[in-house]
Amino acid sequence: MAVMLASAAALVGCVPAPATAPLTAPPAPMTAARDEPAPRLTLPPPPELVSPVLLGLPPAIAQGGVALGTAPVGTTRLTLDGAPVVLASDGRFLIAADRDATGTLTLTAALTGARTLTATLPVTPRAWRLERLDRVAKVPVPDADFARRRPAELRQIAAARAVGANSDGWRQRFHWPVTGRISGLFGAQRIYRGQPGSYHGGVDVARGEGTPVVAPADGVVTLVADPPFTLEGRLLILDHGAGLTSAFLHLSRIDVRVGQQVRQGEPIGLVGRTGRASGPHLHWAMTWRGVRIDPQPVAGAMPAG
């Protein structure tokens, strides 16, 4: 019995003590997070509203008119209603208002140092010559041949006006390409039973066939339509630079070639009646970046004689 108790005691002594949980360091006390300051944004100064006169512009511009201005020193970009304007190295520029423009034009000049100048130019409405033909229906122009040829002709005209030639003719005082009786006014329009037709996009000068036509200002020839186009006949387009172009329609002969630089007063062709013309005359049309311009105030009064 004593032996059994001793053995039991020995067995009890061999049982290992229960394992204790490992000690862990107490959690660090929580500290409040520090608020980092938000990065400070530097906003550009708001645009400065200035008078158009400070940009060398008139206080207003007429429908179908043009205006020359001078951008402030340090101007890096110039826009008109958000579209870029060609800026010469001396700061000179040209803008125009469409025949149907209304309200105001907004000119914005971005200067170095994040400075911006903004000028608004009111558009002065004009009283266009409207002829109402209440008993006459609008006559459709297209026929099969016209419909086939016209799309390609329009593409050539658009491409010629978009060349952007390197010329300073836009700076000059324009001359009349031919003198004579003004037989068609820019902006004139017929209304057929309440339905408006296309307005006249240029000025017509009635002269005899074969009368010389000269360049109204320096320019680069960008289109010579010979054989004649369906509507314009023998058509010549000059690019005067800065987005300004002249088109001469219904010519009987063209005396210059594409890419040729011509000077103001240089002969470029002869008056004719090619295309859709009721008689011999010169149709002179001007555009600026797709905007149609009245050539008459650009050239001034028609010389007598």
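How each quantity is defined
Residues numbered from 1 in each chain as written. Predicted model: local features only at pLDDT ≥ 70, side-chain atom pairs only at ≥ 80, totals over all residues. Heavy atoms only, no water. Phe/Tyr/Trp six-rings, centres within 6.5 Å; stacked < 30°, edge-to-face > 60°. Helix = DSSP H or I, 4+ residues; strand = E, 2+ residues; numbered from the N terminus. Buried < 20%, exposed > 50% of the residue type's maximum accessible area, 1.4 Å probe, protein only. Pairing = 2+ DSSP bridges. Expected span 1.5 Å × (residues − 1). Bend = angle between axes of the 7 residues up to and from the residue. Contact = heavy atoms within 4.5 Å. Polar contact = N/O pair within 3.5 Å; in protein donor to acceptor, adjacent residues only side chain to side chain.

Engineer: What exactly am I supposed to notice about the packing of aromatic side chains here?
Structural biologist: By convention here, two paired aromatic rings are described through the distance between centres and the angle between planes. Using the criterion set out here, one finds three aromatic pairs in the structure. Geometrically, the ring pair formed by Trp176 and Trp284 is edge-to-face, given 5.7 Å between the ring centres and 70 degrees between the ring planes. Within this pair, whereas Trp176 is found in the loop between helix H2 (144-161) and strand S10 (181-184), its partner Trp284 is found in strand S21 (residues 281-288), the two being separated by 108 residues in sequence. Accessibility classification places Trp176 together with Trp284 in one group, the buried group. Taken together, a centroid distance of 6.1 Å and an interplanar angle of 75 degrees make the contact between Phe186 and Tyr199 edge-to-face.

Engineer: Before we go on, may I ask you to explain the pairing of strand S8 (residues 115-124) in this structure?
Structural biologist: Remember that side chains alternate between the two faces of the sheet whenever the strand is regular. Where strand S1 (residues 48-49) meets S8, two bridges bridge the pair, whose relative direction is parallel. The residue bridging Leu49 from the neighbouring strand is Thr118, located in S8. Sheet topology places strand S2 (residues 61-62) next to S8; two bridges connect them, and they run parallel. Bridge pairing in S8 places Ala62 opposite Thr124. Bridge count for strand S7 (residues 104-111) against S8 is eight bridges, and the pairing is antiparallel. Its bridge partner lying in S8, Leu105 is registered against Leu121. The antiparallel pairing of S7 with S8 creates a hairpin that spans three residues between the two strands, and Gly113 there sits at a positive phi of about 85 degrees.

Engineer: Explain unusual backbone geometry here, please?
Structural biologist: Backbone geometry follows two general trends: most residues other than glycine have a negative phi, and most peptide bonds adopt the trans configuration. Cis geometry is found at the peptide bond from Asp226 to Pro227, where omega equals 20 degrees. Along the chain, Pro227 falls in strand S15 (residues 219-229).

Engineer: Would you take a moment to explain the sheet that holds strand S14 (residues 212-214) for this structure?
Structural biologist: An order of S14-S20-S18 is seen for the three strands of this open sheet, with the pairing classed as antiparallel. Only two strands of the sheet have a single partner each, and these edge strands are S14 and strand S18 (253-254). Note: S14 against strand S20 (residues 267-270), three bridges, orientation antiparallel. Its bridge partner lying in S20, Val213 is registered against Gly269.

Engineer: Any chance you could explain H2 here in plain terms?
Structural biologist: For an α-helix, 3.6 residues make a turn, and residues three or four places apart therefore share a direction. Its 18 residues give H2 an end-to-end C-alpha distance of 27 Å, which sits within 8% of 26 Å, the value for a rise of 1.5 Å per residue. Along its length, H2 reaches its greatest deviation from straightness, about 35 degrees, at Arg150, and the proline Pro151 lies no more than four positions downstream. Turning to H2, its buried residues number three or more, namely Phe146, Arg150, Glu153, Ile157 and Ala160. Elements in contact with the buried residues of H2: S15 and strand S16 (233-241). Of the residues flanking the start of H2, the one acting as N-cap is Asp143, its side-chain oxygen 3.3 Å from the backbone nitrogen of Asp145.

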